[in-house]
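This is what each chain is made of:
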Amino acid sequence: MYQWHFEVISDYYPVFIDGAWVTAQLTAFSFSIGIVLGFLLALGRLSKKRLVSIPATVYVEAFRATPALVQLVWIYYALPIITGIRLSSFSAIGLGLGLHTAAYFGEIFRGGIQSIERGQVDAAKSVGMVYHQTMWRIILPQAVRRMIPPFMNETANLIKLTTLGSVLAVYELLHASNVLITETYRPLEIYTITAIIFGMIIYPLIALSRLIEKRWAKGR
Amino acid sequence: MKYGGTRDDTKEIVGSEPEGPGTAAQELPMFRIRNLRKRFGSLEVLKGIDLDVRRGEVLVVIGPSGSGKSTLLRCLNFLEEYDEGEVHFDGELIGYRLGARGRRERDSERNIAKMRAHMGMVFQHFHLWPHKTVIDNVVEGLVIVKKVERRAALEIGVRLLTRVGLAEKANVYPGTLSGGQMQRAAIARALAMKPKAMLFDEPTSSLDPELVGEVLEVMSSLAREDDTGHHGTTMIVVTHEMGFAREVADVVVMMDQGVVVESGPPDQVLRNPLHSRTRAFISKVLH
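Residues numbered from 1 in each chain as written. Chains lettered and ligands numbered in written order. Predicted model: local features only at pLDDT ≥ 70, side-chain atom pairs only at ≥ 80, totals over all residues.

(A) Main features of the overall build of chain A. Scanning chain A from N- to C-terminus turns up nine helices and zero strands. Each helix (α) and strand (β) of chain A, taken in turn from the N terminus, gives the series α-α-α-α-α-α-α-α-α. Over its C-alpha atoms, taken along the principal directions, chain A stretches across nearly 70 × 50 × 25 Å. (Helix = DSSP H or I, 4+ residues; strand = E, 2+ residues; numbered from the N terminus.)

Shown next as C-alpha cells:
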C-alpha cells in the first residue's frame with residue numbers, strides 16, 4: 001500500500017509558485033506573439049494577392065504539420081547555426097510557442113472571419129465603407145463571438161504546451177517539479193499537485209469562455 | 001441595338017414631367033450604361049447592356065431568374081466588377097479610371113467606396129448588421145463614412161425610421177424584427193447616406209406574402225418624393241412584383257439571358273409586349 005506524503009508540498013511550496021510564475025510569463029510572451037502574428041496570418045491567407053496569401057498558407061501548414069517539440073528544439077539549436085543569433089532557452093521557448101500558436105490562432109481567426117456571410121460585407125460596402133472600416137466595424141465584432149470558444153481552447157493548449165520548456169531546462173512548472181522530484185523522490189505527490197495547479201489556471205479560462213458565450217447569446 | 005426604338009418612348013415619358021430649367025446637369029442621365037459585359041468564368045452573364053436612367057426616374061427590371069438582373073444591379077455600384085463596357089453614374093465612370101497610356105485600370109478602393117456612398121442599395125436578404133441596433137444600423141454610414149457627429153446622425157436616423165414607420169423599433173436588435181420591418185430598416189439605412197439613386201435587388205422576394213405590401217408602400221413613397229421632399233427618387237428596382245411595376249415604374253426593362261429584350265413604359269411592356277419572351281415571362285408570373 002502506497003503511503004502518500006503530501007507534506008512535501010507544504011515544505012516546498014515556493015518551488016511551485018516560482019514555476020507557475022515562469023509558466024505564466026511564457027504563456028503571456030507566446031500568447032502576445034501568437035495573437036498579433038495570427039491575426040496577420042489570417043488576413044494574409046484571406047488576401048486576394050497571391051504574393052501574400054501563399055506565404056501565409058505555407059507558414060500555417062508548416063507549423064501545423066510538424067510537432068511543437070521539434071520546432072522548439074530546432075529554434076534553440078539550429079537557428080543559431082544558421083543566423084548566428086543565440087536565444088536564451090526562455091526566449092527560444094517563448095518565441096517558438098508564439099510562432100507555433102500563431103498558426104493555430106490564425107486559422108481560428110480566418111475561420112471566424114470567413115464565417116460571416118458575404119452580404120454583411122456587401123451592405124458595408126454599399127454605404128461606402130472601405131476595407132478596414134468593414135473589417136473593424138462589421139466583420140470582426142461578429143466574428144469574434146464565433147472565435148471565442150476555439151480561441152479559449154487553443155489558449156488552454158498553449159498553457160499546457162509551455163511544459164515543453166522543461167526539455168530546454170526552462171524553470172517552468174513541470175521542470176520545477178522534475179527538479180523537486182530528484183530532491184525528494186516523491187514523483188506521485190508532486191505530479192498530482194502540478195496537474196492540480198494547471199487545472200486551477202486553465203479551468204477558469206474555460207469557465208470564462210462559457211460565461212462570455214452565454215452573455216452574447218442573450219444579447220442577440 | 002438591343003433597346004431598339006423603345007428608348008425614345010422612355011424619353012417621352014420622362015420628358016413629360018416638369019423638370020424646371022433644363023440645365024446640363026439635369027440633362028445628364030443619372031446612369032448611362034453602355035455595352036456592359038460581365039462573365040463568371042466561362043459563363044457570360046451580361047452580354048452587352050445599354051441603358052439610360054434619368055434623374056427622378058423609376059426603372060423596374062423584370063425577367064426570369066438567371067437573366068442577369070441582380071448582376072446588372074451589382075455592377076452599377078461595383079459590388080461586381082464588370083469586364084467590359086461602361087457605367088457612368090452622374091457623369092462619372094464607375095470602378096475604373098484611365099491610367100498611363102490611356103489604358104483602363106481599376107480605380108482606387110477609396111474612390112470606389114466614395115462613389116458607392118452616393119448609391120443606396122437594398123438587398124433581397126436585408127443584410128442588416130445583427131450586432132447593432134436598428135438605429136445604429138441606420139447611422140453607421142453617417143458616422144463612420146460621412147463623419148457626421150453622432151448626435152446629428154441620430155436625429156437623421158430617427159427621422160428616417162419614422163418615415164419607414166419603425167420609430168418605435170429604433171433601439172431593438174434586427175433579430176427581433178419581422179422580415180418586412182427588417183427590409184424597411186434596411187431602406188432607412190440606405191437613405192441615411194442621402195444617395196443620389198437607390199438600387200433595390202428583389203427587395204420583397206424573401207418576404208412572407210402578407211409583409212410585401214408594407215415594403216412596397218415605402219418604396220412607392222420614395223418614388224413620389226425623395227428625402228428632401230422635392231422630387232422623386234431615382235430608383236432601379238429588380239422585382240417580380242408586377243403590380244408595383246405597373247403603378248410606380250416610369251420604365252420597365254425586360255431582361256433575359258444577359259440582354260435587354262425590350263424596354264418601355266409599363267403599359268407597353270407589361271400589357272402589349274413586343275417580344276414573345278416578355279409575353280411568356282409575364283404570363284408565367286401572373287398565373
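What follows picks up the thread again.
(B) Spotlight on the nonpolar core. One finds V61, A188 and V252 of chain B to be the most contacted residues of the largest nonpolar core, which totals 107 residues. A per-element tally of this core places helix α7 (residues 179-192) of chain B first, with eight residues. Split by domain, the residues of this core number at least three in each of domain 1 (6-118 + 197-286) and domain 2 (127-194) of chain B. When sequence neighbours within four positions are dropped, the list of residues in contact with V252 of chain B reads V60, I62, A245, S263, G264, P266, V269 and L270 of chain B. In this structure, L26, Y76, A92 and I159 of chain A belong to the second largest nonpolar core, which totals 14 residues. (Core = buried A, V, L, I, M, F, W, Y, C linked by C-beta atoms within 7 Å. Buried ≥ 20, exposed ≤ 12 C-beta atoms within 10 Å, placed from the backbone. Domains from an automatic or database assignment. Contact = placed C-beta atoms within 7 Å.)

(C) Broad picture of the confidence of the model for chain A. Looking at chain A, pLDDT values average 92 and 99% of them are 70 or higher. Of all secondary-structure elements in chain A, the lowest mean pLDDT belongs to helix α1 (residues 7-11) of chain A, at 86, while helix α6 (residues 118-126) of chain A reaches the highest, 97. (pLDDT = per-residue confidence, 0-100.)

(D) Focus on the environment of P266 of chain B. Residue and element names in this part refer to chain B. Following the sequence through the fold, P266 ends up in helix α10 (residues 266-271). Accessibility expressed as a C-beta count within 10 Å gives 21 for P266, which makes it buried. Taking the C-alpha atoms as reference, P266 lies 15 Å from V285; in sequence the two are 19 residues apart. With sequence-adjacent residues up to four places away left out, P266 is seen in contact with A245, R246, A249 and V252.

(E) View of the sheet that holds strand β8 (residues 119-122) of chain B. Residue and element names in this part refer to chain B. Spatially, six strands are ordered β8-β9-β10-β3-β11-β12 in an open sheet, and the strand pairing comes out mixed. Only two strands of the sheet have a single neighbouring strand rather than two, namely β8 and β12 (259-264). Ignoring strand direction, the axes of neighbouring strands in this sheet form an average angle of 15 degrees. As paired strands, β8 and strand β9 (residues 197-201) are joined by four bridges and run parallel to one another. Directly across from M121, in β9, lies its bridge partner L199. Together, β8 and β9 form the strand contacts of α7, whose direction differs from that of β8 by roughly 170 degrees. (Pairing = 2+ DSSP bridges. Axes fitted to C-alpha atoms, helices over the stretch in contact; angles between N-to-C directions.)

(F) A look at the domain arrangement of chain B. All names here are of chain B. Each domain of chain B was delimited in the assignment, giving domain 1 (6-118 + 197-286) and domain 2 (127-194). Placing a centre on the C-alpha atoms of domain 1 and another on those of domain 2 gives a separation of 25 Å. Tallying the contact residues gives 11 residues for domain 1 and 13 residues for domain 2. With four residues, the top contributor of residues to the side of domain 1 that touches domain 2 is helix α8 (residues 209-224). Broken down by class, the residue content of the side of domain 1 that touches domain 2 amounts to seven nonpolar, one polar and three charged. (Nonpolar A, V, L, I, M, F, W, Y, C, P; charged D, E, K, R; others polar.)

(G) Examining the interface of chain B and chain A more closely. Opposite the 23 residues of chain B that make contact, chain A presents 17 residues. Elements with a minimum of two residues in the side of chain B that touches chain A: α4 (109-116) and α5 (134-144) of chain B. Here the side of chain B that touches chain A is composed, by residue class, of 11 nonpolar, six polar and six charged.

(H) Main features of the sheet that holds strand β4 (residues 84-89) of chain B. All names here are of chain B. Read across the open sheet, the four strands follow the order β2-β1-β4-β5; overall the sheet is antiparallel. Two strands bound the open sheet, and with one partner strand each, they are β2 (43-53) and β5 (92-93). Bridge count between strand β1 (residues 31-40) and β4: five bridges; the pairing is antiparallel. In the sheet register, I33 faces β4, and the bridge partner there is V87.

(I) Geometry of the environment of T162 of chain B. Turning to its location among the elements, T162 of chain B is positioned in helix α6 (residues 150-163). Taking C-alpha positions, T162 of chain B is 33 Å from G91 of chain B, a pair spaced 71 residues apart along the chain.

(J) Structural detail: the confidence of the model for chain B. All names here are of chain B. Summing up the model confidence of chain B, the mean pLDDT is 89 and the portion of residues at 70 or higher is 89%. Every residue in residues 1-22 scores below 50 in pLDDT, and together they form 25 contacts with partners more than four places removed in sequence or on other chains. Under the prediction, the complex receives an ipTM of 0.87, its pTM being 0.84.

(K) Inspection of unusual backbone geometry at higher detail. Residue and element names in this part refer to chain A. You will see that A169, though not glycine, has its phi angle at about 60 degrees, which is positive. As for its placement among the helices and strands, A169 is situated in the loop between α7 (131-161) and α8 (173-184). Of the residues examined, A169 has 12 C-beta atoms within 10 Å and is grouped as exposed. Look at Y185: it is not a glycine, yet its phi comes out positive at around 55 degrees. Mapped onto the secondary structure, Y185 falls in the loop between α8 and α9 (187-219). Taking the number of C-beta atoms within 10 Å as the measure of exposure, Y185 has 10 and is therefore exposed.

(L) Quick look at helix α4 (residues 68-83) of chain A. All names here are of chain A. Where α4 bends most, at I75, the angle is about 40 degrees. For α4, the complete set of buried residues consists of L72, I75 and Y76. Residues of α4 that are buried in the fold lie against α5 (89-114). At the C-terminal side of α4, G84 shows a positive phi close to 80 degrees. (Bend = angle between axes of the 7 residues up to and from the residue.)

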